[in-house]
Amino acid sequence: MLPVTRLIASVRRGEIRWLNYLLASGLALGSDAGLFLLLLDAGLSPVTASATGYCAGILVHWLVSSRLVFADGAAARGTGERQRQKLLFVGSALVGLAVTTAIVGGGSALGLDPRLAKLAAIIVSFQTTYLLRRHIVFRAVTA
């Protein structure tokens, strides 16, 4: 019976981690969009405002992910492994951006409403970056 109990606990931890990641993503998205709107209102070009907001969103996501969502897999601060995780995290964000761009671009080329394509892109990109971060960026270090 003990292995079954461990399996159930593992699934529950995974669900909670996924929900925490969802909340972290919402916070990062809010930071991204909020800064974008503030900078746009301040007169910055849309591209500059968008890029700055996106970078801020990545930073917020890193802070929440490394300290809360994946704290058990985060390397110690100031180590080479931590730097590697930061680079992989940014890489996963760029993969998410590429997935989003490809889905919106492809959907638009096929005549889909860009808003529907963006919605699909958000779902696919979210799950893609979650899996990358869970299994590659913050994977448990084996001794």
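Since the structure is predicted, the reported quantities are computational estimates derived from the model, not experimental observations. (Residues numbered from 1 in each chain as written. Predicted model: local features only at pLDDT ≥ 70, side-chain atom pairs only at ≥ 80, totals over all residues. Heavy atoms only, no water.)

## What to know about the overall build of the protein chain
For the record, the criterion: Only DSSP runs of H or I reaching four residues or more are called helices, and only runs of E reaching two or more are called strands; each is numbered from the N terminus. Throughout, exposure labels follow a simple rule: accessible area from a 1.4 Å probe, protein chains only, divided by the maximum for the residue type, with under 20% read as buried, over 50% as exposed, and the rest as partly exposed. By the convention used here, residues are in contact when the closest approach between their heavy atoms is within 4.5 Å. Shrake-Rupley sampling with a 1.4 Å probe provides the accessible areas, and residues are treated as covered by the protein chains on show and by no other component.
Secondary structure assignment for the protein chain yields four helices and zero strands. Starting at the N terminus, the α and β elements of the protein chain follow one another as α-α-α-α. Residue burial in the protein chain is summarised as follows: out of 143 residues, 28% are buried. Taking as baseline every contact in the protein chain between residues at least 6 positions apart, the subset at least 24 positions apart corresponds to 65%. As displayed, the protein chain offers around 9,000 Å² of accessible surface, 72% of which is attributable to carbon and sulfur atoms.

## Details of the nonpolar core
Applied cut-off: For the purposes of this section, nonpolar cores are sets of buried Ala, Val, Leu, Ile, Met, Phe, Trp, Tyr and Cys residues that join through side-chain atoms within 4.5 Å.
Ranked by size, the top nonpolar core spans 15 residues in total, and within it Y21, V64, V69, F70, F89 and F138 carry the most contacts. For this core, the secondary structure elements donating two or more residues are α1 (2-41), α2 (46-69), α3 (80-109) and α4 (114-137). The dominant element in this core, judged by the number of residues it contributes, is α2, at five residues. Dropping the residues within four chain positions of it, F70 is found in contact with R17, Y21, S65, Y130, R133, R134 and F138.

## Quick word on α3
To keep things clear, this is the line we draw: Expected span of a helix: the number of residues minus one, times 1.5 Å.
In this model α3 runs 43 Å from its N-terminal to its C-terminal C-alpha over 30 residues, within 8% of the 44 Å that 1.5 Å per residue would give. The complete set of buried residues in α3 reads R82, Q85, F89, S92, A93, G96, V99, T100 and G107. Next to the buried residues of α3 lie α2 and α4. Count one or two residues on from α3 and you reach G111, which has phi positive near 90°.

## Digging into the packing of aromatic side chains
How two aromatic rings sit relative to each other is set out by the distance from centre to centre and by the angle between their planes. Selection rule: Each Phe, Tyr or Trp ring, with Trp reduced to its six-membered ring, pairs with another whose centre is within 6.5 Å; inter-plane angles below 30 degrees give stacked pairs, above 60 give edge-to-face pairs, and intermediate values give tilted ones. Any Lys NZ or Arg CZ found within 6 Å of a ring centre and within 35 degrees of that ring's normal is scored as a charge over the ring.
The full count for this structure, using the stated rule, is nine aromatic pairs. With 5.6 Å between their ring centres and 25° between their planes, W62 and F138 make a pair best called stacked. Remark: F138 occurs in the segment after α4 and W62 occurs in helix α2; sequence separation between them is 76 residues. Neither residue differs from the other here; W62 and F138 are each classed as buried. By way of ring pairs, the aromatic residues W18, Y21, W62, F70, F89, F126, Y130 and F138 are connected into one cluster. When the ring centre of F89 is taken as origin, the NZ or CZ atom of R133, which lies over that ring, is 3.8 Å away.

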